[in-house]
Amino acid sequence: MNITGFDKVAPYLTHPLVLVGFVMMLAYGIHWQLMRSGLLAQATKKDSALIIRLFLRYGFWLALVLLLAGFGLQFSGIGLSAWNSYMEKEKVISFDARKIAESLSKQLDTKDEQIKALTEAITALSKADASAASINDALRALEQGNTAKAQAIFAEVLRSKEAEGRQANKEAAAAARHLGALAYMNNPKAALAAYQKAVQLDPDNADGWNQLASLLYRTGELTQAEEAYRKVLALAEAHQDKEEQAVALGNLGNVYRTRGELDKAEEMYRKALAISEALGLKELTANQYGNLGSVYLTRGELDKAEEMYRKGLVLDEALGRKEGMAANYGNLGLVYKTRGELDKAEEMYRKSLEISEALGLKETTANQYGNLGNVYRTRGELDKAEEMYRKGLALDEALGRKEGMAAKYGNLGNVYQTRGELDKAEEMYRKSLEISEALGLKEATASIYGNLGSMYGTRGELDKAEEMYRKSLEIEQALGRKKGMAADYTNLGIVYEERGNLAQAEAAWKQSLSLYQEMGAMQHPDAKKMQQWLDELAQKR
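Residues numbered from 1 in each chain as written. Predicted model: local features only at pLDDT ≥ 70, side-chain atom pairs only at ≥ 80, totals over all residues. Heavy atoms only, no water.

The next subject is the packing of aromatic side chains. Any aromatic ring pair is given by two values, namely how distant the centres are and how the planes are angled relative to each other. With the rule as written, the count across this model stands at one aromatic pair. Centroid distance tryptophan 509 to tryptophan 533: 4.8 Å. Interplanar angle 45°. Geometry classified as tilted. A residue pair is termed long-range when its members are at least 10 positions apart, and tryptophan 509 in helix α26 (residues 502-519) and tryptophan 533 in helix α27 (residues 525-540) qualify at 24 residues. (Phe/Tyr/Trp six-rings, centres within 6.5 Å; stacked < 30°, edge-to-face > 60°. Helix = DSSP H or I, 4+ residues; strand = E, 2+ residues; numbered from the N terminus.)

This is the structure in structure tokens:
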């Protein structure tokens, strides 16, 4: 046989019968050529008879064994199926699961947990009970950011494993988790259904509960998210997994902070920080510093907030962790904005935005658009502010981030109110209030009450304005949020002044100024405004 043509024959050797025939033909062909060449000595009649008898005897038994094996395989279908499956898997293209996962996760903020889930899903895809052609198509699509084909494969695996009954529940649950991880980026409803199926099939799997909780938190279902994170924490404690405990505690802290339950949030973050530092988990430690900074920022403890954010930034820079750097730059911008240092705030927001856009971190990008909008609005650059808010809102809507949507609606209301477009302003505020109350976002709810009060004040409806400000103040006092309390006292003072009650106005503004002093934010434009108004009142007397 001309060996140079082997490459044309090789593709046909995947079938076992063709391969056996080829090997036998090759063996006999070599012996025939050796005989014709004269290299083999002439056998005697006695030797020839012995060779023939041995050939016939062992050839017969070999043929019988092959025949019986062939019938068995033919009727069971197991052997040929296993062979074909093996040969198919051998031809799955090479891939880097981690690299693909990181690329896919850029559709949202990069999260270690999400990258881990995607990496596991992509690795499992290469071993799925599907043809090599289907798997390769799905892998190539994933490299282009398209998850549909991979999701279809896992959906079929889930269906088939569920059909096998309870003994296949863990395998079915794994398929559901992989399906959820892939759907997480662009189809939250499908991802939610998949994760709920996963925990139903395998309730003792912490990964399934954690992924479910993360999605519930992202979509604003805070009560359900807390329940799921509590389940993760219980499983982590049962498994004595300290790192998982730290992650669960930090996530519970996020839920409480979003609700405005700052004392509970700080407690969770402190516990997570203690575990992370004891284990030397630098990334988790950096996260907890950032989380604690956000608690202090909300309370108006700006120096403590800055200290925490800078600690987190130092760790993130040492680790080369750009996502964390983006978050901490943005957080430092919030500190400077609260102090009234707008140029420094804009510098931090721009640094965060640059990193976020480069990495494709859509959530962080949306946040920084909102933050920059706040800077421009404070400066009176309303068109620029609206542009930033609209860009952020578009991203939040695409991601299904209700909390972000509520913030952007409120911010757009502020722009319209400043322009004097009060009907548009009220429409935006009401949209924001509806989402915030539904999600239990106390801080956001308080801010919107304050905005509505300002709008009613502009219309001259002072009683309604006072009602809104007092609702806001009640929430802010319960939260211990000095910045919000200062704003409400400022606004109540305006109402009192317009009614001609200067003593009440003075008392309210002094209370506001005192809060700015406690925050170390005397450079804030509103703090300067309070001092100016108090000076003017003093002159009137």
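Before going further, it helps to examine the side chain of asparagine 414. In this fold, asparagine 414 is placed in helix α21 (residues 402-419). Among the residues examined, asparagine 414 registers a relative accessible area of 12% and is labelled buried. One polar contact links asparagine 414 to tyrosine 429, side chain to side chain, over a distance of 2.7 Å. Among residues more than four places away in sequence, those in contact with asparagine 414 are Arg377, Tyr429 and Asn451. (Buried < 20%, exposed > 50% of the residue type's maximum accessible area, 1.4 Å probe, protein only. Polar contact = N/O pair within 3.5 Å; in protein donor to acceptor, adjacent residues only side chain to side chain. Contact = heavy atoms within 4.5 Å.)

Moving on: the nonpolar core. The biggest cluster of nonpolar side chains holds 131 residues, and the ones touching the most others in it are Leu125, Ile153, Leu182, Tyr195, Trp209, Leu452 and Trp509. The greatest single-element share of this core, amounting to eight residues, is contributed by helix α9 (residues 169-183). Ignoring any residue separated from it by four or fewer positions in sequence, one finds leucine 452 in contact with Glu426, Tyr429, Arg430, Leu433 and Met468. (Core = buried A, V, L, I, M, F, W, Y, C linked by side-chain atoms within 4.5 Å.)

Attention now moves to the packing of helix α16 (residues 302-319) against helix α17 (residues 322-339). Contact geometry of α16 with α17 gives a least axis separation of 9 Å together with a crossing angle of 160°. For the element pair α16 / α17, the angle class is roughly antiparallel. In this structure, the crossing between α16 and α17 has a hand that is left-handed. Residues Leu302, Asp303, Ala305, Glu306, Tyr309, Arg310, Gly312, Leu313, Asp316 and Glu317 of α16 pack against Gly324, Met325, Asn328, Tyr329, Asn331, Leu332, Val335, Tyr336, Thr338 and Arg339 of α17. Of the residues assigned to the contact of α16 with α17, the class counts are nine nonpolar, five polar and six charged. (Axes fitted to C-alpha atoms, helices over the stretch in contact; angles between N-to-C directions. Parallel < 35°, antiparallel > 145°, perpendicular 65-115°, else oblique. Left-handed = near helix turned anticlockwise from the far one by under 90°. Nonpolar A, V, L, I, M, F, W, Y, C, P; charged D, E, K, R; others polar.)

Another aspect to go through is the environment of arginine 499. Looking at the secondary structure, you find arginine 499 in helix α25 (residues 482-499). Along the backbone, arginine 499 and leucine 462 are 37 residues apart, and their C-alpha atoms lie at a distance of 8.3 Å. Apart from the residues within four sequence positions on either side, arginine 499 is in contact with Leu462, Asp463 and Glu466. At 2.8 Å, the side chain of arginine 499 and the side chain of aspartate 463 are in polar contact.

Right, let's talk about the pattern of salt bridges for a bit. Should the charged atoms of two oppositely charged side chains come close, the side chains can pair. In the structure shown here, the tally under the stated rule is 50 salt bridges. The closest approach of N and O atoms between aspartate 303 and arginine 339, which form a salt bridge, is 2.8 Å. Here the residue aspartate 303 occupies a position in helix α16, and arginine 339 occupies one in helix α17, the gap between them amounting to 36 residues. On the basis of relative accessible area, aspartate 303 is assigned to the exposed category, the value being 58%. Assessed through its relative accessible area of 10%, arginine 339 is described here as buried. Here arginine 481 makes a salt bridge to glutamate 443, at a shortest N to O gap of 3.1 Å. With arginine 481 in the loop between α24 (462-479) and α25 and glutamate 443 in helix α23 (residues 442-459), the pair connects residues that are 38 residues apart, well separated along the chain. (Salt bridge = Lys/Arg side-chain N within 4 Å of Asp/Glu carboxyl O.)

Here glutamine 114 is to be found in helix α6 (residues 112-125). Residue glutamine 114 is classed as buried on the basis of its relative accessible area of 10%. Sequence-wise, glutamine 114 and leucine 182 are 68 residues apart; in three dimensions their C-alpha atoms are separated by 9.7 Å.

Spanning 18 residues, helix α13 (residues 242-259) covers 26 Å between terminal C-alpha atoms, matching the ideal 26 Å at 1.5 Å per step. Of all 18 residues making up α13, 15 are buried, and the element is well covered by its neighbours. Residue aspartate 241 occupies the N-cap position of α13, its side-chain oxygen lying 3.3 Å from the main-chain nitrogen of glutamate 243. Just downstream of α13 lies glycine 260, where phi reads positive at about 90°. (Expected span 1.5 Å × (residues − 1).)

A separate point is the confidence of the model for the chain. Mean pLDDT over the chain stands at 84; residues scoring 70 or higher make up 79%. Of all the helices and strands in the chain, helix α4 (residues 78-90) carries the lowest mean pLDDT, 52, while α16 carries the highest, 97. (pLDDT = per-residue confidence, 0-100.)

Quick look at unusual backbone geometry now. Positive phi, close to 55°, is recorded for glutamine 240, a residue that is not glycine. Locating glutamine 240 in the fold gives a position in the loop between α12 (222-238) and α13. The class of glutamine 240 is exposed, set by a relative accessible area of 71%.

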